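Topology and contacts: notes
The chain contents come next:
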Amino acid sequence: MKILVSSCLLGEDVKYDGGNNSVALNPKVSFSLKELFMDILCENEIYSFCPEVAGGLTIPRIPAEIVKQDKPFIVQNEEGKDVTINFLLGAKKALDLCKEENIKVALLKSKSPSCGNGQIYDGTFSGTLIDGFGLSAKLLKENGIEVFNEKELKELAKFIKTNK
């Protein structure tokens, strides 16, 4: 199965701080989940993608959060600069890739203003989480692409098994 995966989860240094969110190398992730993650990577066709970089943001960059979750969306960085267009461009490019390659499922980084699914930061840069979706996750879901995060590896594995 073809799977769009957040580049940072694969260990690529694309995070705002220049680091990554590698699942395989994270000491907080159990060995069994790391093994499941590696099985998913090895048994499927993986498309690495970072919407924020694809949208023109630099590495490193100033952290950004969604300030307004409904249209017109507003995403600002910690200095108050509007970076909405970068997030929208990245989301559109993620959707375009999924359409071009017939990708029906994505594994995205939780809590991210691009990739978060279910919860995101509230836009105050206080570390407070609220229910919501990052702009890329939202656009993918609206277009019929199943979205999972790194905390939902078992659910993703079950989805893959039932949809092969």
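Right above here is the structure, for reference.
Residues numbered from 1 in each chain as written. Predicted model: local features only at pLDDT ≥ 70, side-chain atom pairs only at ≥ 80, totals over all residues. Heavy atoms only, no water.

**Quick look at the overall build of the chain**
- A count of helices and strands for the chain gives five helices and eight strands.
- Element order for the chain, N to C, with α for helix and β for strand: β-α-β-α-β-β-α-β-β-β-α-β-α.
- For 164 residues, the compact-globule estimate of 2.2 N^0.38 gives 15 Å, and the C-alpha radius of gyration of the chain, at 15 Å, lies within 12% of that figure.
- Per-residue burial for the chain yields a buried fraction of 45% across its 164 residues. (Helix = DSSP H or I, 4+ residues; strand = E, 2+ residues; numbered from the N terminus. Rg over C-alpha atoms; globule rule 2.2 N^0.38 Å. Buried < 20%, exposed > 50% of the residue type's maximum accessible area, 1.4 Å probe, protein only.)

**A few points about the nonpolar core**
- One finds I3, I40, L107, L153 and L156 to be the most contacted residues of the largest nonpolar core, which totals 19 residues.
- Those elements giving two or more residues to this core turn out to be β1 (2-6), α1 (31-43), β5 (105-108) and α5 (153-162). (Core = buried A, V, L, I, M, F, W, Y, C linked by side-chain atoms within 4.5 Å.)

**Things to note about the environment of T84**
- Take T84: it is sitting in helix α3 (residues 84-101).
- T84 sits 56 residues away from K28 along the chain, and the two C-alpha atoms are 32 Å apart.
- Among the polar contacts made by the side chain of T84, one reaches the side chain of D82 at a distance of 2.6 Å. (Polar contact = N/O pair within 3.5 Å; in protein donor to acceptor, adjacent residues only side chain to side chain.)

**Thoughts on the side chain of N77**
- Along the chain, the position of N77 falls in strand β4 (residues 74-77).
- Ignoring anything within four residues of it in the chain, the contact list for N77 reads I62, P63, A64, V83 and F125. (Contact = heavy atoms within 4.5 Å.)

**Focus on α3**
- Here α3 spans 26 Å end to end across 18 residues, near enough to the 26 Å set by a 1.5 Å rise per residue.
- Inspection of α3 places T84, N86, F87, G90, A91, A94, L95, L97 and C98 among the buried residues, and these make up the whole buried set.
- Structurally, α3 contributes buried residues whose contacts are with β1, β2 (45-49), α2 (51-54), β3 (64-68), β4 and α4 (135-142).
- At the exit of α3 stands N102, carrying a positive phi of roughly 55 degrees. (Expected span 1.5 Å × (residues − 1).)

**Quick word on the sheet that holds strand β8 (residues 146-149)**
- Here we have four strands laid out as an open sheet, ordered β2-β1-β5-β8, and parallel in their pairing. Because the sheet does not close on itself, it has two edges, and the strands there are β2 and β8. Averaged over all pairs of adjacent strands, the angle between strand axes in this sheet comes to 25 degrees, irrespective of strand direction.
- Summarising the sheet, β5 and β8 pair through four bridges and their orientation is parallel. In the sheet register, A106 faces β8, and the bridge partner there is V147. (Pairing = 2+ DSSP bridges. Axes fitted to C-alpha atoms, helices over the stretch in contact; angles between N-to-C directions.)

**Comments concerning the packing of α1 against α5**
- Running from N to C, α1 and α5 point in directions that differ by 35 degrees, and their axes come no closer than 10 Å. In this structure, the crossing between α1 and α5 has a hand that is left-handed. Between α1 and α5, the contacting residues are L33, L36, F37 and I40 on the first element and L153, K154, L156, A157 and I160 on the second.
- Within the contact of α1 with α5, the residues separate by chemical class into eight nonpolar, no polar and one charged. (Left-handed = near helix turned anticlockwise from the far one by under 90°. Nonpolar A, V, L, I, M, F, W, Y, C, P; charged D, E, K, R; others polar.)

**Details of the side chain of S112**
- Looking at where S112 falls in the secondary structure, it is placed in the loop between β5 and β6 (117-121).
- For S112, a relative accessible area of 12% translates into the label buried.
- One polar contact links the side chain of S112 to the main-chain amide nitrogen of S114, over a distance of 3.0 Å.

Note that all results are geometric; they support no functional claim without further evidence.
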